[in-house]
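Residue-level structural notes
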Amino acid sequence: MKKLHWDSFADWVNGTTPEPECPPLPELPKKRKPRRTRPQDPAHRIRIFSRLYRVIALAVCLCVVSVLLYTLFQLPLFGAPDNPAVNEVSRRYVEQGLSETGAVNMVTGMILDYRAFDTFGESSVLFLAVACVMMLLLRDQNNTTPADIRQLQRERAAEPSCCDPILQKVVAVVFPCILLFGIYVVLNGHLSPGGGFAGGAMMGAGLILYSAAYGMDAASRFFSQKHFRILTTSALLCYALSKAYSFFTGANDLPSCISLGCPGAIFSSGLILVLNICVGLIVACTMYGFYILFTKGEF
């Protein structure tokens with residue numbers, strides 16, 4: 001043992017000491033290349049979405065236009081004897097429309113007599129549309145905060161100063177004429193071109209013009225929310241009851257007690273005059289209601 005130590009010491013002096021063996025180093029795991037991740041910038045996502053939206057919108061528009069053009073080229077020629085538009089239905093309208101409806105205006109007789117159920121559906125859609133807008137935008141005690149009330153008071157205080165006197169003078173002359181002409185178009189819809197839809201649109205435009213000139217508070221003095229609800233509900237119920245009577249008597253081959261009158265007279269064509277008035281009121285109230293609700297949120 002001592003010899004071994006001496007030999008080790010001699011080797012160290014002579015510089016022949018063997019280097020100690022180092023334990024092998026553990027192999028390091030190979031580094032993987034980092035994956036290229038997409039940037040998470042919201043602006044980048046928005047740009048990608050906008051590009052995709054434009055491409056998809058363009059593709060949908062091209063498809064719709066292609067279908068419409070294909071349909072247009074497949075339509076029969078105007079005036080051709082085999083045209084399906086020239087069938088027994090349109091022939092019935094032309095040949096017997098006056099005797100069956102009593103309306104000189106063939107279009108009104110078709111809309112409010114032969115196709116009165118479709119017109120009732122259109123009127124109901126208008127009523128439901130304005131009712132939904134009222135539920136969403138109407139300012140009342142349930143959806144109005146104190147800040148909204150203060151803002152509304154400031155708007156009412158500043159409203160008279162924002163009115164244009166020139167516009168008011170013009171509207172004072174034009175508004176009665178528009179309203180009177182709209183009533184004329186409604187009442188003569190079965191005698192001349194016009195009817196409830198056209199006359200109601202005129203009256204609604206007149207009310208909007210009056211509100212824009214004199215302010216909504218001035219317009220609400222003679223057309224408030226109470227008047228709006230009464231007119232629209234009464235007109236729709238009157239239309240439904242009138243046509244229910246016509247449907248019942250016609251489906252059961254019962255004679256109607258409502259006379260068609262003399263064609264060309266104001267009180268003629270049975271219930272068409274009443275239906276024109278109902279449709280005109282619904283259209284006028286709907287137009288004015290949309291304007292008021294989207295502008296101010298209350299009547």
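Structural data are supplied above this passage.
The following paragraphs examine the structure supplied in this document.

Cut-offs applied
Residues numbered from 1 in each chain as written. Predicted model: local features only at pLDDT ≥ 70, side-chain atom pairs only at ≥ 80, totals over all residues. Heavy atoms only, no water. Helix = DSSP H or I, 4+ residues; strand = E, 2+ residues; numbered from the N terminus. Buried < 20%, exposed > 50% of the residue type's maximum accessible area, 1.4 Å probe, protein only. Contact = heavy atoms within 4.5 Å. Areas by Shrake-Rupley, 256 points an atom, 1.4 Å probe, with all protein chains shown as cover. Phe/Tyr/Trp six-rings, centres within 6.5 Å; stacked < 30°, edge-to-face > 60°. Core = buried A, V, L, I, M, F, W, Y, C linked by side-chain atoms within 4.5 Å.

1. Observations concerning the overall build of the protein chain
The helix and strand tally for the protein chain stands at 11 helices and 0 strands. Each helix and strand of the protein chain, ordered N terminal to C terminal, gives the series α-α-α-α-α-α-α-α-α-α-α. Scored against the burial criterion, the 299 residues of the protein chain give a buried share of 26%. Taking all contacts inside the protein chain whose residues are at least 6 apart in sequence as the whole, residues at least 24 apart take part in 75%. By element, 68% of the accessible surface of the protein chain is carried by carbon and sulfur atoms, the whole surface being about 21,400 Å².

2. Quick word on the packing of aromatic side chains
Per the stated rule, a full pass over the model turns up 9 aromatic pairs. Judged by centre distance (5.1 Å) and plane angle (80°), the ring pair of F223 and Y288 falls under edge-to-face. Separated by 65 residues along the polypeptide, F223 in the loop between α9 (216–219) and α10 (225–251) and Y288 in helix α11 (residues 272–295) bring together distant segments of the chain. Classification of F223 as buried rests on a relative accessible area of 8%. Both rings, one in F290 and one in F294, keep their centres 6.3 Å apart while their planes meet at 45°; by these two values the pair is tilted. Placement of both F290 and F294 in helix α11 is noted, with a separation of 4 residues, approximately one turn of the helix. F294 gets classed as exposed once you look at its relative accessible area, which sits at 57%.

3. Concerning the nonpolar core
Formed by 18 residues in total, the largest nonpolar core has its most connected members in Y210, F228 and Y288. Looking at this core, the elements with two or more residues in it are α5 (116–137), α7 (165–187), α8 (196–214), α9 and α11. Broken down by element, the residue count for this core peaks at 4 residues, all from α11. Ignoring anything within four residues of it in the chain, the contact list for Y288 reads L207, I208, S211, A219 and F223. Core analysis: the next-biggest nonpolar cluster, separate from the first, contains 12 residues, A103, A116, I272 and C278 among them.

Geometric descriptors of this kind do not, in isolation, establish any biological role.
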